[in-house]
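Here are the chains, one letter per residue:
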Amino acid sequence: MKALGVRSAFYVGFVVGTCTLYVLLRQVGFTRSLGSPEPETHDTSLLEMIEEENKNWKKERSALFNLNHPHHTGENGALADTLYKRVRILCWVMTGPKNLEKKARHVKATWSRHCNIVVFISSVDDPDFPTVGLNTKEGRDQLYWKTIRAFHYVMEKHGDEADWFLKADDDTYVVVDNLRWILASHSPEDPLYFGRRFKPYVKQGYMSGGAGYVLSKEALRRFVEGFRTKVCTHTSSVEDLALGQCMEKIGVVAGDSRDTIGRETFHPFVPESHLTGTFPKTFWYWNYCYYPIVQGPQCCSDLAVSFHYMDSSHMYLLEYYTYHLRAFGYKYRYQPPEPKIIQDLNAPAPDKVEAGDIEERLGVEKQEEEEKSHELNVKL
Amino acid sequence: MSEGSSFMKGMILGGIFCLVISLFETFNSGTHSEGHEHLHHHLKPLSKDELQKLSLSQMSDLALQVQVYCLIMVTPRLLLHWATANDTWSKHCDKSVFYTSESSKALEAFDLQEQDEWVRIRKAIKHAYENAGDLRWFFLARPTTFAIIENLKYLVLDKDPSQPFYIGHTEKSGELDYVEYDSGIVLSYEAMRRLIEMFKDEDKCPERGHALWKMPEEKQLATCLKYSGVFAENGEDAQGKSLFNKKSVSTLISDSMGQNPADVVEACCSDMAITFGGMNPSQIQVLMYGVYRLRPYGHDFQDSLTFLPPKDSDND
């Protein structure tokens, strides 16, 4: 009996020893893999990010000035760069103190990086974000008042630094490169404004506030002047309609923002709604759109400019779809024509050529040549 | 007293035994996994520089060689997903065939008349191989997965289909490396040939296994392939990001917002992603628009190869 006890005690001890050490070893291995390397890399990457930010953005006078038009690895962005220099857009984003972390922050991280200048308009000054405080209250009934103040502000502070002035909400997603494509066929000295055109109440129509709208420099001048001369007044709380009524009074033309095959570019809802949803026949939308509504894939141009009611994850999703995800080698069905500014660059009058123009023209031509020599069509 | 001391002796010996075994294991797996990884595990597409070095005639040869046959496994329950896949990404395959378990109204698919999914896969693979024509690459997926076929072609562009290739998002189960079904499975012509040969071996690659203990189809496939000398490889881009995803784009974005709030999109997903799983039909229509249409004007990529859009289609 005693001998059996000793032997079994030995075996039990052996098993216990094996198991204990096994557990111990796993713990040590585990903690080693979780150990110090992590916080180090986190710190350096944060530092790198701040450096990167300082290289690309200049914070000045409560606005963000884009120093480097964002580029993607492996792309040829020469055409986009040319448009960036020639079609300068100031984007002002309607936000408020409660929405800085929830919404405006994601606008700052995504599409607004493609504007030449970005101003975040709020009711309160915030030099860190930065936001401009307009001494207004928050709320839907304050929207037109905020809009008037905002346009006056950007005219005064940045009127000479941009050609076009875009208004967007903090839940609007804008593809600024596509906006440049549209605007590059028009002159900022003409009294024009573009957006998603609605037809009721105003003879020439007016632009939906949520889908964003953009004023030419001349349109902005006239808008500010209109308030000085009291041709336009601020009694309405319906921001987009009131602005549209003012525009008509001061002789600013409501433009057609559709692409060359008649597809809308500014959208008042999320992509799903336009691409897959069917709006009920009683929905107000049917009576509002200036141009015929198309549901399904042809609702929206390939060169879409805006979508509305975009929450934060939706914004990053659209940023991924627009600027990152692509199908290798895919030849798009819609081949948009070059806007007028580029056409003019390629065929200038002989005595008007400037040195910079020649470089730009050669850059664009070279790109076209490269495209032709490297392409190999594959029929599916 | 002697019981206690023999217990202690046992414990110490047990501890030493464990140490020795684990040291031996790490040494072994260290050298083994290094060799294994170097030979097989990661598969990347050609770089832009390498692509540009190819001549025009080389390019045209590769373009012809890289045609894809899509095998999409449906059931009547997945009618809506069948319709969506039929209307969207499957149009970009050189040939796409839907294989169903049973016939059903409105569902247009090849009826395999078989309830067991593993048996259906075997039958579908045989059918696809026999009807491949000139096609040399095969993509197996459920209709709940979305695939960007052009990016698949880019991944396998310089790979020889007369060599065995078995590609996707790889996972490990014990000693078995297998490709996840939910993010799509890519097989070369040679891999298909070897697989069909192995189907004849009822011991190594049984058609109907033991009823009580059934391995998932993806592991059964991996086992049969392993016996024929074909090993799983993980498809990734130049930065090492996985090209095959079983999660939806929105899930991946949400995950990235939580893990990398300062760099959400860059850290999330590959530019040349091939598959996304778990997407509903509405999300798939938006993805079609996002991949094949929506883009920023003036940013061109000038890829060395061009793929034309399919005929009779308006969502791409």
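Residues numbered from 1 in each chain as written. Chains lettered and ligands numbered in written order. Predicted model: local features only at pLDDT ≥ 70, side-chain atom pairs only at ≥ 80, totals over all residues. Heavy atoms only, no water.

**Brief notes about the state of the cysteines**
No. 1: In this structure the tally under the stated criterion is six disulfides over all chains.
No. 2: Each sulfur in the disulfide pair Cys70 of chain B and Cys93 of chain B lies 2.0 Å from the other. Note on the Cys70 of chain B and Cys93 of chain B pair: the S-S dihedral is about -90°, so by sign convention the disulfide is left-handed. A residue pair is termed long-range when its members are at least 10 positions apart, and Cys70 of chain B in strand E2 (residues 68–74) and Cys93 of chain B in the loop between helix H4 (79–87) and strand E3 (95–100) qualify at 23 residues. In this structure, Cys70 of chain B and Cys93 of chain B share a single accessibility class: buried.
No. 3: A sulfur-sulfur separation of 1.9 Å characterises the disulfide bridge that pairs Cys268 of chain B with Cys269 of chain B.
No. 4: Here chain A pairs its bonded cysteines, counted in sequence order, in the arrangement 1-2, 3-4, 5-6.
No. 5: No disulfide involves Cys19 of chain A; its sulfur sits 8.1 Å from the nearest other cysteine sulfur, which is in Cys18 of chain B.
No. 6: Of the cysteine sulfurs around Cys289 of chain A, a residue in no disulfide, the closest is that of Cys299 of chain A, at 11 Å. (Disulfide = S-S within 2.5 Å. Helix = DSSP H or I, 4+ residues; strand = E, 2+ residues; numbered from the N terminus. Buried < 20%, exposed > 50% of the residue type's maximum accessible area, 1.4 Å probe, protein only.)

**Looking at the interface of chain A and chain B**
No. 1: With 79 residues of chain A at the contact, the number on the chain B side is 74 residues.
No. 2: Of the roughly 7,300 Å² buried where chain A meets chain B, counting both sides, 65% is carbon and sulfur surface.
No. 3: Counting the contacts that link chain A with chain B gives four salt bridges.
No. 4: One salt bridge in this structure joins Arg326 of chain A and Asp303 of chain B, with 2.7 Å as the shortest N-O distance.
No. 5: Connecting chain A to chain B are 32 residue pairs in polar contact (both at pLDDT 80 or more).
No. 6: Secondary-structure elements contributing two or more residues to the side of chain A that touches chain B are helix H1 (2–34), helix H3 (78–86), helix H6 (176–183), helix H9 (271–275), helix H11 (312–324), helix H13 (355–374) and strand E14 (377–378) of chain A.
No. 7: The element contributing the most residues to the side of chain A that touches chain B is H1 of chain A, with 13 residues. (Contact = heavy atoms within 4.5 Å. Buried area = accessible area lost by both parts, 1.4 Å probe. Salt bridge = Lys/Arg side-chain N within 4 Å of Asp/Glu carboxyl O. Polar contact = N/O pair within 3.5 Å; in protein donor to acceptor, adjacent residues only side chain to side chain.)

**Here we look at the nonpolar core**
No. 1: Of all hydrophobic cores here, the largest spans 113 residues; its most connected members are Trp111, Tyr320 and Tyr321 of chain A together with Trp89 and Phe139 of chain B.
No. 2: Of all hydrophobic cores here, the second largest spans 43 residues; its members include Tyr144, Ala150, Phe151 and Val154 of chain A. (Core = buried A, V, L, I, M, F, W, Y, C linked by side-chain atoms within 4.5 Å.)

**Digging into the side chain of His114 of chain A**
All names here are of chain A.
No. 1: You can see His114 is positioned in the loop between helix H4 (100–109) and strand E4 (117–122).
No. 2: Owing to a relative accessible area of 2%, His114 belongs among the buried residues under this scheme.
No. 3: Not counting chain neighbours up to four residues away, the residues in contact with His114 comprise Asn66, His69, Pro70, Tyr84, Val176, Asp177, Arg180, Glu319 and Tyr323.

**A look at the confidence of the model for chain B**
All names here are of chain B.
No. 1: When pLDDT is averaged along chain B, the result is 90, and 94% of the positions lie at 70 or above.
No. 2: Across residues 31–39 the pLDDT falls below 50, and counting only partners more than four positions away or on other chains, this stretch makes four contacts in the model.
No. 3: Model confidence for the complex: the whole-complex pTM is 0.83, and ipTM, which rates the interface, is 0.86. (pLDDT = per-residue confidence, 0-100.)

**Considering the UniProt feature "domain: Fringe-like glycosyltransferase" (unreviewed entry) in chain A**
No. 1: In the numbering adopted here, UniProt assigns the feature "domain: Fringe-like glycosyltransferase" (unreviewed entry) to residues 89–252 of chain A.
No. 2: In the segment residues 89–252 of chain A, helix accounts for 35% and strand for 21%; the C-alpha atoms at its two ends are 18 Å apart. (UniProt positions renumbered as here; feature names shortened; annotations may be inferred.)

**Considerations on the environment of Gln204 of chain A**
Residues and elements named next belong to chain A.
No. 1: Tracing the sequence through the fold places Gln204 in the loop between strand E9 (197–198) and strand E10 (206–207).
No. 2: In sequence terms Gln204 and Gly255 are 51 residues apart; their C-alpha atoms lie 9.2 Å from each other.
No. 3: Residue contacts for Gln204: discarding those within four places in its chain leaves Tyr193, Arg197, Met247, Glu248, Val252, Val253, Ala254 and Tyr290.

**Focus: the packing of aromatic side chains**
Residue and element names in this part refer to chain A.
No. 1: Applying the stated criterion to the full structure yields 38 aromatic pairs over all chains.
No. 2: Aromatic pair Phe269 and Trp284: ring centres 6.1 Å apart, planes at 50°, arrangement tilted. Of the two residues, Phe269 is situated in the loop between strand E12 (253–254) and H9 and Trp284 in the loop between H9 and helix H10 (285–288); the sequence distance between them amounts to 15 residues.
No. 3: Given the relative accessible area of 39%, Trp284 is considered partly exposed.
No. 4: Ring pairs connect the aromatic residues Phe198, Tyr201, Tyr206, Phe269, Phe279, Phe283, Trp284, Tyr285, Tyr288 and Tyr309, which therefore count as one cluster. (Phe/Tyr/Trp six-rings, centres within 6.5 Å; stacked < 30°, edge-to-face > 60°.)

**Describing H4 of chain A**
No. 1: Regarding H4 of chain A, the residues found buried are Leu100, Ala104, His106 and Val107 of chain A.
No. 2: For H4 of chain A, the secondary structure elements touched by its buried residues are strand E3 (89–94), E4, strand E5 (131–133) and H11 of chain A together with helix H9 (249–259) of chain B.

**Some remarks on the pairing of E3 of chain B**
Residues and elements named next belong to chain B.
No. 1: For E2 and E3, the ladder comprises six bridges, and the chain directions are parallel. When the bridges of E3 are listed, Cys70 appears paired with Ser96.
No. 2: Note that the unit made of E2, H4 and E3 has a crossover that is right-handed.
No. 3: Of the pairings in the sheet, the one linking E3 to strand E4 (residues 110–111) comprises two bridges and is parallel in character. Paired with Thr100 across the bridge in E4 is Asp111. (Pairing = 2+ DSSP bridges. Right-handed = clockwise from strand over helix to strand, strands pointing away.)

**What about a nonpolar patch on the surface?**
No. 1: A grouping of Leu25 of chain A together with Ile12, Ile16, Leu19, Val20 and Leu23 of chain B is seen on the molecular surface, where their side chains present a nonpolar patch of about 540 Å² in accessible area.
No. 2: Looking at the nonpolar patch element by element, the count peaks at five residues for helix H1 (residues 2–41) of chain B.
No. 3: Along the chain, the position of Leu19 of chain B falls in helix H1.
No. 4: Take Leu19 of chain B: its relative accessible area is 38%, and that puts it in the partly exposed class. (Patch = residues over 30% accessible without salt bridge, like charges linked within 9 Å, V, L, I, M, F, W, Y side chains within 5 Å. Areas by Shrake-Rupley, 256 points an atom, 1.4 Å probe, with all protein chains shown as cover.)

**Comments concerning the environment of Lys44 of chain B**
Residue and element names in this part refer to chain B.
No. 1: Structurally, Lys44 is set in the loop between strand E1 (42–43) and helix H2 (48–53).
No. 2: The class for Lys44 is partly exposed, based on a relative accessible area of 36%.
No. 3: Considered as a pair, Lys44 and Asp160 are 116 residues apart in the sequence and their alpha carbons are 14 Å apart.
No. 4: In this structure, Lys44 is in contact with Leu155, Lys159, Glu236, Asp237, Ala238 and Gly240, ignoring residues within four places of it in sequence.

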